[in-house]
Every structure is written in structure tokens, then in C-alpha cells.
Amino acid sequence: MRLLKLVPDNTNIDFVRLRGLAFALTLLLSLLAVGITFARGLNLGVDFVGGLMIEEQFASPPSLDKVRQVVDAQGVGDAALQLVGDQRTVSIRLPAQNGDEGATNAVVRKVEGALGRAFPGATFSRYATVSGKVSGELIRNGLLAVVLAVLGIGLFAIFRFEWQFGVSTVVAIVHDLLMTVGFFALTRFDFDLNIVAAVLTIIGYSINDKIVIDDRIRENMRRYRKMDMREIINLSVNETLPRTVMTSVTILLALIALLLLGGHVLRGFTAAMILGIVVGTYSSIYVSSSLLISLGLRAEPTRAKPGTLDRAEQVGPRER
Amino acid sequence: MLDFPRWKVWSIVGLLAVLCALAIPSFLPERWTDRWGSFPHPRINLGLDLAGGSYLLLEADTADLANTRVEAMRDQITAEMRRTTPRIEIGDISTRGGQLSFMLRDPSKVDAAREKLLSITGGGAGLTGQRQWDIQVVDSSRFVIRPTSAGMAQAVDQAMQDATEVVRRRIDALGTKEPTIIRQGTDRILVQVPGLQNPQALKDLLGKTAKLEFKMVDDTARPEDLVKGIAPAGSQILPYPGNPQGIPVIAVKRAAIVTGDQLIDAQQAFESQTNKPIVNFTFDTNGGKRFARTTQENTGKLFAIILDNKVISAPVINTPILGGSGYIEGNFTAQSANELAISLRSGKLPVTLKVIEEQTVGPELGADSIRAGILASIVAVVLVVAFMVLTYGRFGVYANVAVVINVFVILGVLALLHGTLTLPGIAGFVLTIGTAVDANVLINERIREERRRGKSVIQSVELGYKEASRTIFEANVTHAISGIIMLVLGSGPVKGFAVVLLIGICTSVFTAVTFTRMLVVQWVRRTRPQTITI
């Protein structure tokens, strides 16, 4: 049986030579993502801005205008409507009601009652209310989690490898994050707590990818002491290319199943993950390893004393 | 490499079999597993987003608690000062700004008063022995008493403990299955009630403070003063929406005859003649005695039944009430009477609780999500399995066996930890299926490489596992770092996702590396292949 090979054996692509182009593209895309995020803003979910969200399921696809009329007639503030999932479900976002929770409860009851009368067979599928106080905490915790994850992983890379690995990894991850955020600004998907989980997973996955390549670079640095750094990096990226592509494709297969079949609640989450995997794979191959050269990683450890270099065996702290 | 002792094989197989077996009860209908009795049958709980139900985050109004505390202190001090011999006269009492202040009518008694106050407010806060109240004398005759932060912290802590207990009793009275009630932080309570059909009833119930008091009505108050808000000395003005006198307020004595703490039972019932919903109550011995004495002394007068500082009725005492029980009549519906009865039975909430976050998922959406999640997981497994076989042949099959076992092992561990499976958890699941094969991809690609370098089959397999293991370890540690951060900082959905992810990371390393290595070694040892297709 002939087995499937996504990447042919012994590829020899000069990724390092492409790095000027890759850096320019990365920078451009990152700037674009930041620009879009500032220009359009994120469609923050109830979790992060406070307020209430009612998801109502209708017997048949409703006309959004009619739903809006019914909700507006209740005088509960500006409603943002969105069709979700199977076109029969509408998510209704309302601003936080001032006053106590009694007011919020009343609004939920009022809107549901009115929708039930106007559209026979309509039932609520879920609702969420978040006060401004909690949403502030959730934003803070979310940001803190992302920052800590990036720092923690960067530190791990510095501790296990050389500092250049830490820096290049963090740069690549920041790029992945910017792309994800830009994607949410572009598509206007709800940016909620679930997306924070997605972002953290993207960080974890993307790091995974980079560590595998870094690990190979380190191995090759020991194996081929005389080899030029450019060659070592090219060799390492090429050697790990089959694995990088294989793993990304496998995870994408699993995620696509989830995107198409997993229900609308998880759609934003899965979309973010898919984008993150694609972007993360790109940055692993083109950005993080090539960046090592620009950061001045040398084949010989810089801390080695002069005069010991030409000896084949060295005594020193174990690097792993 | 080929050295794989028999005991090792059996312990690996045994461990995996036990972990997989732990997952079985979660798939069986509950009425089966219930019959197993003491035989362990750990189950995975479904999160609210899958089972449907309500998640509420309640926060205590601590400012309100501080006020209540200062007011209680005022009442205690006025009473004690009056009781002292010689009596210490005080006046100009104020409880504004979270502190209590009053004047001494006779400034020469400052020392005696201070002595008295120290004993009233005495007692340290907790183990630190710090005072709960701070006493100051200003302008030689004015006392200012402030709660210390240690005393306040202890009071909040105590109130939250009681409140959590009260909330638990009230929710239990609703008769729902497996509610979760946890205290969170200093002043919050997290409530999760799965499978609840009417979350509104729950919130109505939790919103009630249920502070019940019986006080005598002050009949010396003139209605025109009441409207202006002027109460006779020793009395207070309370709202009374159903006042037959036509004004919505009434004056009652500050001192309570009996309070809700002295109730031992409360039940919803119907009044026999009018058939109106009422709440029957029974006092404990002490409360019953006091109630009997007061009603004997005050026959013909009015007393007020006060709930949450609102008068619900003010009946005339026709005959002394001696048996220690009675009923409350108000503008009740059967449901509201029942809710009041539950609140009274469960005791009063020492603090007002506000809902600051709520997530409610209807049962239908939950069921849809489970179906979608299961379908997505199955399709994901099938796709990944097919892809692995196409790519790595026999080695892909080994990886697949590992993946499928891993799925059950994760479920088993989740059940063992009494974990909760949420919708993001299912996503974590699907993702873990994807990443679990990554370890095998690393190993298999390495074997391919070593074969290309011209190593023998056995050498390639050995090097493949050895070299890849290091990478797998490093990759998984970084992955785990982000998982742990999610677990610690994340709330709700993020946590559910992180739990599955972390379990998946641990189990997948075992199944993907150790277990497949065992399979490969068995095969190599049996057939001694000269060449392999990979």
C-alpha cells in the first residue's frame, strides 16, 4: 500500500531567504489587524460589556424587522438582533438596565412575553445577564490570562533554550493574537468568554508548533557544529515540515467537524481556533525560526570560553 | 528497545482498562447505576449549557450589612445604658455615615460610659484578637463608635456563611437535583441549578431576605405626623401598603416582640372561611412564651407583622395567643404564600443578595448541544482515524487505537474527578483528539526520517520514540502552561474547557507514547520485520 505523504521527502525550501518577504507580510497583516480592530471595534459579548442577551427560538425563520418592532415596542433600550445557527434562532442583545436586578428580570419577562404573543411557538433557548461590575472583572481576568500565558511560555522557552528562542516565540505569538483579534473585528463575531479560551488554546497550540521546530534546531546545532546557522534553520524547518503540516491538517479536520456540526453556540470559538491554527502554522514556519537569525543566534554557545571551541568534547552545564 | 517486560505490559493494559471502565457508568441510564448501591459508579455531570438550567452569581450588599450592624449596636447601647445604675442618659443619637455617635447628657460620666461601652462592644475579632469596634470621645461628651475593618470582615464572613446555608435550604426546598452552592471570594455565592424549568421562581425565592418581626403598633402616633415622617420617641415609621387608615405608613415600637429566628415552622395553607392563601407559623418555646405574655398584656391593641421592614398586616389582638402558633394573612397568592413559607422556614438572609451574573439555558438548547457535540466528536474521530491510516499505515492504526482509548480514558478520569462536561469541554475534547495524534505524528515522522537515513527497522523505531519523546514532553509542558492559566483565571466556560484540555494532555502522553510503543514493540518482536511501510 502506498501511503499518503502531504509533504514530499527531503524538501529543501530556503525559508530563511524568504524571511524578508515573510517579515514584511507579517508586519503588514499585523498592522492591518490592529487597524481594523481600532476602526471597527470588537463586537464584545455580554460577558464583557454587561447587559443582557436573550436567545429566542422561533417555530419558523422570523423576519428580523418584525422581531425588532416587537422588542422596540417594549421600551427597553436599543436592541441588537442577530440571526444565529439554523436561521430560526435570534439573539437579542439589550443594554444593562439601570436599577436593580428586578428591572432586568422584568425586562426578560416582558420581552419573552411579547415575543411569545407575536410569534406563536417561540421559546427562549437561553439568556444571560451580566452586571457591569462582573464584566469588568471578566475582561481583567481574560487579559491577565492571555498576558500570563504568553509570558509563562516565553519564560519556559528561555529557560529550556536560549533567550532568542523565547523572544522569537513571543513575537510570533503576538502576531497570532493580533490576527485572531483582527479576524473578530472583521467578521463581527461575538467576542466573549469562550473566545478567550480559544485564544489561550491558540497560544498553546502555536507554541507547541514552535517548540517542536526549536527543539530540532537545537538538536541540529549540536549535531552539525560547523554548519552555518542559516543552513541549520532551513534544515530544521524542512525536516519538521511533514510533522507541522500533518498535525495542522489533523487538527483542522477535527475542528472543521466541530464547525459544521457542533451547533451555533460554539461557532465563533471554532472559527477562531481554525484561523489560529492556520496563522500559527504560518508563523511557525516563516516567522519564528527565521527571526532567530535576526536575533543573532550563533551555532556556538556564546558563553563558551575562548580556547575550548576546537575541542570536540566539552564539559559544561547540560542544556536539556 | 525490544525489552518490554511482561509485567509492564500487563500494568499498562490494566491501568487503561480501569480508566476506561470508569467511563462506562456515565453512558448507562441512571436508573441502572442507582441499583448498583455502594459499587462505585462515578458519573460525569453535564454542565448547565448541556443539561439546561441556571447559573447565578450572587453578591452580598455589604454596605447594607454595615448599616444593619451599626443600627443593632445602637439598639443594644440604648438599652444597656438605660439599664445601668445609675442610669447613663444619652441623646442626639445618629447612625449616619456608617458610624454611631451620641451625646452624654452628663459629661462627668464619660469614664463610666466608656467602661460600659468597652464591655458592650468587647470581644476580639477572630484569632487576631483585634477589637471589632473603635470607640472615640470627641468634644469631651460625644462618643463616636466605628466598626473596625477586622470586625467588619468577620461580620461579613459570618453573614456569608449563614447566607450560604440559607440559600442552600431554600434551593433544597425547590426540590431540584444536585444544585451547587459555593461561596466565592469574600462576598459572593455561586449557585448552579441544573435542569430547572422556571428560573424565575428561584430568583424570586433568593431575592427575599425574609426578615420577619412582630412589633406592637404605636397608637399614640398621629396620622398627620406619620405622613410627615415624624415618629414618637421609641418608635419607627414603616411602609404599610394595605393600611386601612388610608395612609401607606404606620408607626411601630422599635423593640420587637418576637422575630423570625424564633420560628420553628411555617407552612402555606388556606384560611378556612375565605379560602384565601395564608402562612401558618409556629414559634419555639421561648418565642411562644414571649408572644403569649405580650398578647395577654395588650389585648385589644394592634400588633404589626413585618416582613423585610414592610408591614404586611396589623391585626387586632382579640384574645391572647397562648399556643405559640398563628397565621399571617396578607395579599398572597398560593405561590407567593408558599415562597414566604419556604423563606421563613429557611431563616432570614443576614444580608441582601443581588444577582450580578446569570446564565440560563433552556433544556432544548442543551439537548441540541449534546447531540451536536456528540456528532461532531464522532465525525472528528472518524476523519482523524482515516487520515492517520492513510498516512502511516500500520503505525497509524496503532495511533488510532491509542486515540480511541484516550477518548474513554479522558471520560473515565473526568468521572473520577466528579468533573463537569460543558459545551466548551466538548470543544476541548475534539481539540484533544486532534492534538493527541500529534505525539504519534512526531514519532512516526521521526521513524520515517531515521529510515531515510538508512537505519535498521529496530533502530529507527527506537530512535523515533526516544528523540520524539523529548519534543513531546516540551510541547506538552507549554500546552499545559496555558491550560493551567485558564483553569486558575478562567471562569465558567473557560474552566470547563481547561479541565478537559489538561486531562487530555496528561492521558494523551501516556496513550500516544507509552501505549503505542508497547503495541509497536510487541509487533516488532513477533514478526522481526526487515522493512516497514511508514
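## Looking at the overall build of chain A
- Per the secondary structure count, chain A includes nine helices and four strands.
- Along its sequence from the N terminus, chain A presents helices and strands in the succession α-α-β-α-β-β-α-β-α-α-α-α-α.
- In terms of overall dimensions, chain A is more spread out than a globule: its C-alpha atoms have a radius of gyration of 25 Å, far above the 20 Å expected for 320 residues.
- The C-alpha extent of chain A, read off along each of the three principal axes, is 85 × 50 × 30 Å.
- Split into buried and exposed, the 320 residues of chain A put 46% on the buried side.
- Within chain A, counting contacts between residues at least 6 apart in sequence, those at least 24 apart form 78% of the total.

## Some words on the overall build of chain B
- In terms of helices and strands, chain B carries 15 helices and 20 strands.
- The C-alpha radius of gyration computed for chain B amounts to 34 Å, which surpasses the reference 24 Å derived for 534 residues by more than 25%, pointing to a less compact arrangement than a globule.
- Counting only C-alpha atoms, chain B reaches 110 × 60 × 40 Å along its principal axes.
- In chain B, which comprises 534 residues, the proportion classed as buried is 43%.
- For chain B, the proportion of contacts with a sequence separation of at least 24, taken over those separated by at least 6, is 68%.

## Considering the sheet that holds strand β3 (residues 90-94) of chain B
Residue and element names in this part refer to chain B.
- In spatial order, the strands read β3-β4-β8-β7; together these four strands make up an open sheet with antiparallel pairing. Two strands bound the open sheet, and with one partner strand each, they are β3 and β7 (133-138). Here the strands of the sheet are splayed against their neighbours by 20° on average, with no regard to which way each runs.
- Pairing geometry for β3 and strand β4 (residues 100-104), over three bridges, is antiparallel. Counterpart to Gly91 in the pairing with β4 is Met103.
- Contacts from helix α4 (residues 62-83) reach β3, β4 and β8 (142-147) within the one sheet, and its direction differs from that of β8 by about 140°.

## A word on unusual backbone geometry
- With a phi close to 65°, Arg188 of chain A is a non-glycine residue in the positive phi region.
- Along the chain, Arg188 of chain A turns up in the loop between α6 (163-187) and α7 (193-223).
- Even without glycine at this site, Ser140 of chain B takes up a positive phi of about 60°.

## A few points about the nonpolar core
- Core analysis: the biggest nonpolar cluster contains 210 residues, and Val199, Leu200 and Ala254 of chain A together with Val430 of chain B have the highest contact counts within it.
- Ranked by the residues each element gives to this core, the list is headed by α7 of chain A, at 16 residues.
- Counting residues in each nonpolar core, the second largest holds 13 residues, with Ile77, Ala113, Leu117 and Phe143 of chain B among its members.

## Focus: the domain arrangement of chain B
- Each assigned domain of chain B is listed with its residue range as follows: domain 1 (6-52 + 362-527), domain 2 (62-153) and domain 3 (208-358).
- Spacing between the C-alpha centres of domain 1 of chain B and domain 3 of chain B amounts to 61 Å.

## Side note on the packing of helix α5 (residues 132-160) of chain A against α6 of chain A
All names here are of chain A.
- Their axes nearest at 7 Å, the elements α5 and α6 cross at an angle of 150°. With respect to their mutual orientation, α5 and α6 come out roughly antiparallel. The crossing of α5 and α6 is right-handed. For the pair formed by α5 and α6, the contact residues are Val150, Ile153, Gly154, Leu155, Ala157 and Ile158 on the first element and Trp163, Phe165, Gly166, Thr169, Val170 and Ile173 on the second.
- The residue makeup of the contact of α5 with α6, split by class, is nine nonpolar, three polar and no charged.

## Thoughts on the sheet that holds strand β13 (residues 249-259) of chain B
All names here are of chain B.
- The five strands are arranged β12-β13-β11-β16-β17 in an open sheet whose pairing can be described as antiparallel. Only two strands of the sheet have a single neighbouring strand rather than two, namely β12 (235-239) and β17 (310-313). For this sheet, the mean angle separating the axes of adjacent strands, direction not counted, is 55°.
- Relative to β13, β12 is paired through five bridges, and the arrangement is antiparallel. Each bridged residue has a counterpart across the sheet, and for Leu238 the counterpart in β13 is Ile250.

The rules behind the values
- Residues numbered from 1 in each chain as written.
- Chains lettered and ligands numbered in written order.
- Predicted model: local features only at pLDDT ≥ 70, side-chain atom pairs only at ≥ 80, totals over all residues.
- Helix = DSSP H or I, 4+ residues; strand = E, 2+ residues; numbered from the N terminus.
- Rg over C-alpha atoms; globule rule 2.2 N^0.38 Å.
- Buried ≥ 20, exposed ≤ 12 C-beta atoms within 10 Å, placed from the backbone.
- Contact = placed C-beta atoms within 7 Å.
- Pairing = 2+ DSSP bridges.
- Axes fitted to C-alpha atoms, helices over the stretch in contact; angles between N-to-C directions.
- Core = buried A, V, L, I, M, F, W, Y, C linked by C-beta atoms within 7 Å.
- Domains from an automatic or database assignment.
- Parallel < 35°, antiparallel > 145°, perpendicular 65-115°, else oblique.
- Left-handed = near helix turned anticlockwise from the far one by under 90°.
- Nonpolar A, V, L, I, M, F, W, Y, C, P; charged D, E, K, R; others polar.

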